[in-house]
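# Breakdown of the fold
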Amino acid sequence: MGSLQRQTSPDSDNDPRYASVTDERKRKRMISNRESARRSRMRKQKQLGDLINEVTVLKNDNAKITEQVDAATRKYVEMESRNDVLRAQASELTERLRSLNSVLEMVEEISGQALDIPEINPWQVSCPMQPIRASADMFDC
């Protein structure tokens, strides 16, 4: 019971000095809390601004990289097209050479003279290779 009297002594509840000290402490705590909340809001606002700037930078970087991939893809397609033309020409020339060689062999058999007939190296004959395909779409997330 004695401890109860100390906590709620009639003197402290009714004494205006204690009330004003308590009110002053509450007011200071409230001001401190408001200031802390204001700083917290400002920090969050700055973080949000930083994130928005980072998103903008990353989108710009992504656009540049996508354009570079597209340009490389266009060059690749152009080179592949040129290679297809060259393969077709090489195949046609190889076939013509084989045809001419067979004519020379017939002439050699008929004439009985030994002719210098060049051999076709198989490694020089174009063999179609499967190209590696790449596109900007494969980098989309």
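Residues numbered from 1 in each chain as written. Predicted model: local features only at pLDDT ≥ 70, side-chain atom pairs only at ≥ 80, totals over all residues. Heavy atoms only, no water.

A few words now on the overall build of the protein chain. Across its full length, the protein chain holds three helices and zero strands. Reading the protein chain from its N end, one meets helices and strands in the order α-α-α. For the protein chain, the residues scored as buried account for 5% of the 141 residues in total. At a minimum sequence separation of 6, the contacts of the protein chain that also span at least 24 residues come to 57%. (Helix = DSSP H or I, 4+ residues; strand = E, 2+ residues; numbered from the N terminus. Buried < 20%, exposed > 50% of the residue type's maximum accessible area, 1.4 Å probe, protein only. Contact = heavy atoms within 4.5 Å.)

The predicted structure's coordinates, where accompanied by low pLDDT, should not be read in detail. Here the protein chain averages 81 in pLDDT, while 72% of its residues score no lower than 70. For the protein chain, the element scoring lowest by mean pLDDT is helix α1 (residues 2-7), at 46; helix α3 (residues 16-111) scores highest, at 93. Confidence drops under pLDDT 50 across residues 1-9; counting only partners more than four residues distant or on other chains, this segment forms zero contacts. (pLDDT = per-residue confidence, 0-100.)

Moving on, we get to a nonpolar patch on the surface. The grouping of Val103, Leu104, Met106, Val107, Ile110 and Leu115 at the surface amounts to a nonpolar patch, some 520 Å² of accessible area in total. Mapping Val103 onto the fold places it in helix α3. Take Val103: its relative accessible area is 41%, and that puts it in the partly exposed class. (Patch = residues over 30% accessible without salt bridge, like charges linked within 9 Å, V, L, I, M, F, W, Y side chains within 5 Å. Areas by Shrake-Rupley, 256 points an atom, 1.4 Å probe, with all protein chains shown as cover. Salt bridge = Lys/Arg side-chain N within 4 Å of Asp/Glu carboxyl O.)

Before going further, it helps to spend a moment on the environment of Val107. Tracing the sequence through the fold places Val107 in helix α3. Among all residues touching Val107, those that are not within four sequence positions of it are Gly112 and Leu115.

Proximity of charged atoms lets side chains of opposite charge pair with each other. For the structure on display, the rule yields eight salt bridges. For Arg27, the salt bridge goes to Glu24, with nearest N and O atoms at 2.5 Å. Taken together, the positions of Arg27 and Glu24, both in helix α3 and three residues apart, correspond to about one turn of that helix. With a relative accessible area of 40%, Arg27 lands in the partly exposed category. When salt bridges that share partners are traced, they join Glu35, Arg38 and Arg39 into one network.

Right, let's talk about the environment of Arg98 for a bit. Here Arg98 lies in helix α3. Along the backbone, Arg98 and Glu119 are 21 residues apart, and their C-alpha atoms lie at a distance of 9.0 Å.

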